[in-house]
Amino acid sequence: MMNAKLFHIHVVCMVLITGICAATVCADEQPLFAPVPHDRSMVDDDATLKCRLRSEPSSFNPILMFTAIDAQFEYLLWDRPFVLDKDLQWSINPDVVESFAFADDHLHATLKLKSSLRWQDGTPMTSADLVFSWQRILDDHVIARKAGHGTEQITQCEAINPQTVRFTFKEALATNKWSVDFPIIPKHIYEPLVRDDPTMQQSDACVQANRNPIGSGPYQVSEWLSGERIVLSRWEGYPGPKPAFARIIFRVMPDNNAALLAFETGEIDEMSLAPQQFAADTDNQRFKDRGVKIRGEQWTNYYIGWNTRGPNAFLTEPAVRNAIGLAINRPLISERVFFGLFKESAGFYPASFTGRDTPRTSNNFDLEQAAKMLDDAGWLVSGDDGWRYKKSSNGAEKVRAGFVLNLVAGSQTSPRVADIMRSDLRKIGVDLTTQTLEWSVFNERNLNHQFDAFLSAWTCGPDPDEARNLFHSDAAQSGRNYVGYQNPKVDALFDRGVHETDAGERARIYRTIEQTILSDEPYTFLVEAPTLWAFNHRLRGVSLSPRGPLHSYPGVRGWWTPKSPQPTDEGLRTGLPQSDAP
Amino acid sequence: MTTANPTNPILWTDHASTSKRRNWLARSAAAIAITFILVALLAPLLAWHQPIVCKYQGQFYFPAISDTASRLPLVGSWFQKAKPFRFPSFDARTALEPDAFALWPPVPYGPMEMVADANRPASRRHWLGTDDRGRDVLARLIHGTCVSVRVGVYSMLLAGIVGIIIGGAAGFYGGAIDWMCSRLIEIMMCFPAFFLILVVMVWIGNGVTGIILVIGLTQWTSIARLVRAEFLSGRELDFVDAARSYGASGWYIALRHLLPAALAPTLVALTFGVADAILLEAGLSWLGLGVGADVATWGGMLRDAYDQIRTHPGLMTAPCTAIFVSVLCCHILGEQLRRSLDPRIGFSESRS
Amino acid sequence: MWHYILKRILLTIPTFVGIVLLTFLLIHQAPGSPATGSAGGFGESGVSAADHARLRAQFELDAPVIVRFGHWMKRVVCFDFGQSFADGRPVSQRIAERLVPTLTLTFAIIVIAFAIVIPIATYAATHPGQPVDKVILAACVGFYAIPPYILGMILILLVGVALNWFPFAGLTSDNFADLSTWQKLKDVISHSALIGSCFLIPLVAYLVPFVRATMLSVLKEDFVRAAHARGLSHRRVMLRHVLPNTLRPLLTVMGLIVPAVLGGSVVLEVMFSWPGMGRLLFESIHDRDYPVIMGMTVLTAMVVLGVTLVVDLLYAWADPRVRYA
């Protein structure tokens, strides 16, 4: 469920991340968040950082990148004019941009790049590269799954001079600032290649260029051993601020338990923790000697999607979905499955999007009320087997109150959630069966709307409009609106929200959307997942974004280790292991 | 030779060894195997969330007994539980009056019931403790036996039938049919079984039936090879020639003369195969492709325990022991069968 | 003999085509597709309908299966297995980089297995029914019955973490490129020690009872008695008469083991972060990377058929009756 590929979106919140962390972190863990000191002599400039990768990235070409794994490399290999800061706010990257301004009509914008920018082969990075990248993203042959988001809103992108670019937008939208945030690839490398292969990913030359990119960021790919590790080394000619680590080694470690053991032996310096690991497995001395665990807010909610227009008549009634929502014991799920680390979902937007101040109270666990609602909706325990039934609309046959919940194979938590739901739903005569599906099949069923219900997780993006992809009726065919939710009122609100430029009014619109959807309940939101992470003691400069520590800017670029009198690479194994007693 | 037991010549006779010890080993293995089968058949009488017999509103009910009956193969659908106990919302524990007569199973919990706090150590209430969801480990172990026995027995039955038909056809007819069957066997041996698992899982669903089909349809090749070899050599024997000469039909010869000879080695291979099937189920569970979350299985228990191997390694012991004992049983029985059925070993060993 | 060899080689061709055809059909008919596998990995907004159509076109998903098979076959005949859907690299390259460690490990494991199995089995067979024999057999079943992931975890926890004797993640150290040849060898061996043991232990547990049983029956043969009767030393009888006759049936078993070990084990390779064939196949299936799956199928089929062929030919060479049967 928390599949690496189930990564979505950016964010915009005003959460004081450090404040949250202070609440959950012991005093001796504070140095972790210490920013790079002004006195660079304290920073160890030759250190190696060892990160954990769950699986291998699909591409280093930022236009083709789309998985969460790919995104770990994005800010390291590439410089972008706009970045998401640690609060997932849209922000201008001062190391790249000289100036940027929207015209008053919001239909134009002008971007001036710094003249010092270089590609890693020394070629200057200019506005021509930016225009070229824009053309590639919009090219029909290129499958820009993530980078292409919103780019079609830019109708014109012209290089006025080598440093200046002028954007023209289709409409004056509140989301135009996201549309200009697209990656830049080197024109002089890719232009000859796309003549032969406009897709940028099929010819051998393109594949090579994507695997060993000439980037613009402070790191270069120096080794990629398939299935084992990827090594990035610092590009010393980088014109911007120099990052602290000379090398970053990404170790491919698919198994969570093995990764935690590798963390304890110093083989890796950071890893995200499963709830079980955070709550129980990390309480031993070996872990405490090696590192710290921290937790921060994340805009991720676990939810059940109901097929609102599917063949199962039981789930097409909003009242039934509300009743099931009431019959889900969220506190128990939070306690038993997530070790009390997860909060009950209050909605699906972060509070800052909607100005929501009070948590929703209607989803309190209440079996009696749920049973009563089902009775009222006409689903009665009328058969002699104890399950609820209702005559179908044509009156011909009795439909049984039950559904199949699709789970992704290999998830630790989803069968546990389903166990708790099943035992409660039985008590009110609703039959839940689960079906475990392999990832690709799970997706195929969703895309084709062939399911009763599925359990998944969704991370809210940096702009509330990105939820359009889940709830707008247009998204039923070509988006993530697998549940087939259609509500003209919500559609209209989304269309208003994207045109609204006043922040307060926008918040009101999205609050209405959130409330409407929570009461229609095409999705039942269960729990809000925090980001759980382990870091080696020696690390500094970490910041937690609502997307975790890796997927914001500066992210890993801001990490550092203090200089120590001892040799620093104690975890680096040479040949046979050395004893590394703490 | 001296300790031959007249009641069951196949299982008990031990021409192979004069030592009584071996016989004792085989007997206890057989006893354990039978125990497993009995546990599988009678699981609700041993661990269930409803009583075996109870008095409810002035009437006697037998909920666990009718659940046991309704789980029987073939005839199970004839039985239906009495009314209030049939309802999913009916909780016998709270509904029964405290002083009313009720005979509960020794483990009064269902395998999926979350009855206590998570990860409790063994106690008088929970003899083997509880797992991470507060479910009784012993109840899950008992009901996991059902799945393992079913997976082991049915999948090997399926493998045996497919193997005997294809191997038998190849060995009996020879020629083009043999050629085709032999190629089919070779094809199956190289085939990535993993895909079959995915396809079957999606077409049939990841229930016990799916696992049985997957294991049965991938494990028949060795049986087919054995049967083919037996048929091939059997065809040349004098008594088959004799049968043919007095006009016996091909089917008669195959069923009457060739099949019995082939059954012995098949039975041995199938016995070992049951062990492999149990291990396969555990492996599939680890990949999340096992029987699924609705049913308690040994593999699933092991998978759940693996998630907590650091903090509660003790949770592994129950499913591990169950798997170990059942595999050991199958091996001892298989070995014993092989020795009893292979005249060469028996003869030469008894001479020594 | 040459006639037999030729006949035997020709026989493998239909099998080979059958495996390839069947696998191709099944993987393309199996639910899920490369386009849906990545569809869940939506970025900011996900795969638009147009992108989805492009993906389908890129992976040739809309053509009938048989047309796709024709295209694939046409390329394979020229030894071109195509490009991986996952990262665009040639399939041969992706398989080769995983095949080398797996092949080396397989070879090493089989050699070590023999070195361990034969003395143990010989001891057990020459002392049948004695306590040591029984302990050996029980231990074999016990090790055979431990699911590999439990064995792997126990080894990691005990040997890798608590004792810290061997590393348990990856195949090489980070500084591998800077090491001398000798150090490189040592490095790879120490990294492969634990995962190798996980392959080795069940294999030994499987082989010891088998070799022991074979040896027991050989020991009862008349020629062994005759050899003893001629007054040959026990050692000489074992080495000259018993062992060779025990090893022959082992040949058939090897024909089954080599493909199994070569296929790797997803479970162990995931646990030890070890870049082997099992993980590649699992990941390819996960991504529905058809070219890689087919490449691996062709390879596995060739190995299985090749090993079977060699075993058969060795039999034929040793026993002339087979040739004329």
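Because the structure is predicted, anything quoted here is derived from the model rather than measured. (Residues numbered from 1 in each chain as written. Chains lettered and ligands numbered in written order. Predicted model: local features only at pLDDT ≥ 70, side-chain atom pairs only at ≥ 80, totals over all residues. Heavy atoms only, no water.)

Asker: Please explain the overall build of chain C as it appears in this structure.
Answerer: Scanning chain C for helices and strands turns up 14 helices and zero strands. Ordered by position in the sequence, the α and β elements of chain C form the string α-α-α-α-α-α-α-α-α-α-α-α-α-α. The C-alpha extent of chain C, read off along each of the three principal axes, is 85 × 60 × 40 Å. The 325 residues of chain C split such that 53% are buried. (Helix = DSSP H or I, 4+ residues; strand = E, 2+ residues; numbered from the N terminus. Buried < 20%, exposed > 50% of the residue type's maximum accessible area, 1.4 Å probe, protein only.)

Asker: Even after reading the chapter, I still don't get the sheet that holds strand E8 (residues 219–225) of chain A, so can you show me in this structure?
Answerer: Strand pairing within a sheet occurs via backbone hydrogen bonds; the two strands may be parallel or antiparallel. All names here are of chain A. Strand order in the open sheet formed by four strands is E1-E10-E9-E8, and the pairing between neighbours is mixed. Every other strand in the sheet has two partners, leaving strand E1 (48–53) and E8 as the edge strands with one partner each. Across this sheet, the average inter-strand angle for adjacent strands is 20 degrees, counted without regard to direction. With six bridges connecting them, E8 and strand E9 (residues 229–234) associate as antiparallel partners. Among the inter-strand pairings, Glu223 is bridged to a residue of E9, identified as Val231. (Pairing = 2+ DSSP bridges. Axes fitted to C-alpha atoms, helices over the stretch in contact; angles between N-to-C directions.)

Asker: How should the nonpolar core be read in this particular structure?
Answerer: Considering soluble globular proteins, one finds that nonpolar side chains tend to be buried as a cluster. Core analysis: the largest hydrophobic core is formed by 183 residues, its most contacted members being A:Phe314, A:Phe403 and C:Phe272. Top element by residues in this core is helix H7 (residues 137–173) of chain B. It accounts for 16 residues. Non-local contacts of A:Phe403, meaning those with residues more than four positions away in its chain, are made with A:Trp306, A:Asn312, A:Phe314, A:Leu315, A:Ile324, A:Leu425, A:Val430, A:Asp431, A:Leu432, A:Thr433, A:Asp452 and A:Ala453. (Core = buried A, V, L, I, M, F, W, Y, C linked by side-chain atoms within 4.5 Å. Contact = heavy atoms within 4.5 Å.)

Asker: Help me out: how do you make sense of the pairing of strand E7 (residues 164–169) of chain A in this one?
Answerer: Residue and element names in this part refer to chain A. Summarising burial for E7: five of the six residues are buried, a large majority. Of the pairings in the sheet, the one linking strand E5 (residues 108–113) to E7 comprises five bridges and is antiparallel in character. Bridged to Thr110 within E7 is Arg166. Note: strand E6 (residues 154–161) against E7, six bridges, orientation antiparallel.

Asker: What is the right way to look at helix H5 (residues 91–126) of chain C in this model?
Answerer: Residues spaced three or four apart along an α-helix point in a common direction, a consequence of the helix completing one turn every 3.6 residues. For H5(C), which comprises 36 residues, the first-to-last C-alpha distance of 50 Å matches the rise-based estimate of 52 Å (1.5 Å per residue) to within 8%. Maximal helix bending in H5(C) amounts to about 30 degrees, located at C:Leu99; proline C:Pro101 follows within four positions. (Expected span 1.5 Å × (residues − 1). Bend = angle between axes of the 7 residues up to and from the residue.)

Asker: I'm lost on the environment of C:Gln83 in this one. Help?
Answerer: Inspection of the secondary structure puts C:Gln83 in the loop between helix H4 (65–77) and H5. Note on C:Gln83: relative accessible area 26%, which makes it partly exposed. Sequence spacing of C:Gln83 and C:Ala177 is 94 residues, and the spatial spacing of their C-alpha atoms is 28 Å. Apart from residues no more than four positions distant in its own chain, C:Gln83 is found in contact with A:Gln202, A:Ser203, A:Asp204, A:Val207, C:Gly88, C:Arg89, C:Pro90, C:Val91 and C:Pro291. In this structure the side chain of C:Gln83 is engaged in a polar contact, spanning 2.2 Å, whose partner is the backbone oxygen of A:Gln202. (Polar contact = N/O pair within 3.5 Å; in protein donor to acceptor, adjacent residues only side chain to side chain.)

Asker: Is there a simple way to think about the packing of helix H1 (residues 2–29) of chain C against H4(C) in this case?
Answerer: A packed helix pair is summarised by two numbers, namely the angle formed by the two axes and the spacing between the axes. All names here are of chain C. Two elements in contact, H1 and H4, have axes separated by 11 Å at closest approach and are oriented at 130 degrees. By the criterion of interaxial angle, the relationship of H1 to H4 is oblique. Both H1 and H4 take part in a crossing whose hand is right-handed. Taken together, the residues of H4 that come into contact with H1 (itself represented by Val20, Leu21, Phe24, Leu25, His28 and Gln29) are Val65, Arg68, Phe69 and Trp72. When its residues are assigned to classes, the contact of H1 with H4 shows seven nonpolar, two polar and one charged. (Parallel < 35°, antiparallel > 145°, perpendicular 65-115°, else oblique. Left-handed = near helix turned anticlockwise from the far one by under 90°. Nonpolar A, V, L, I, M, F, W, Y, C, P; charged D, E, K, R; others polar.)

Asker: How do you make sense of the packing of aromatic side chains when you look at a structure like this?
Answerer: All names here are of chain A. If you walk through the whole model with that rule in mind, you get 51 aromatic pairs over all chains. Ring geometry for Phe82 against Trp90: centres 5.3 Å apart, planes inclined by 20 degrees, an arrangement best described as stacked. A single burial state applies to Phe82 and to Trp90, both of which are buried. Over the ring of Trp224 we find Arg211; its NZ or CZ atom is 3.8 Å from the centre of that ring. A cation over a ring is seen here: Lys398 above Tyr389, with NZ or CZ 4.9 Å from the ring centre. (Phe/Tyr/Trp six-rings, centres within 6.5 Å; stacked < 30°, edge-to-face > 60°. Lys NZ or Arg CZ within 6 Å of the ring centre and 35° of its normal.)

Asker: Would you mind showing me how to read the side chain of A:Arg321 here?
Answerer: Residues and elements named next belong to chain A. In this structure, Arg321 sits in helix H10 (residues 318–326). The buried charged residue Arg321 lacks any salt bridge, with Asp520 as its nearest oppositely charged partner at 5.9 Å. Excluding anything up to four places from it in sequence, Arg321 contacts Trp306, Thr308, Leu315, Thr316, Asp520, Glu521, Pro522 and Thr524. (Lys, Arg positive; Asp, Glu negative; His and termini not counted. Salt bridge = Lys/Arg side-chain N within 4 Å of Asp/Glu carboxyl O.)

Asker: Looking at this model, I keep getting lost on the confidence of the model for chain A. Mind explaining?
Answerer: Caution is warranted with low-pLDDT regions, since their predicted coordinates should not be read in detail. All names here are of chain A. A residue-level look at chain A finds 91% of positions with pLDDT of 70 or above and a mean pLDDT of 85. Throughout residues 1–28 the model reports pLDDT below 50, and contacts reaching past four residues in sequence, or to other chains, amount to 109 contacts. The model gives residues 567–582 a pLDDT under 50, and that stretch makes 35 contacts with residues more than four places away or in other chains. (pLDDT = per-residue confidence, 0-100.)

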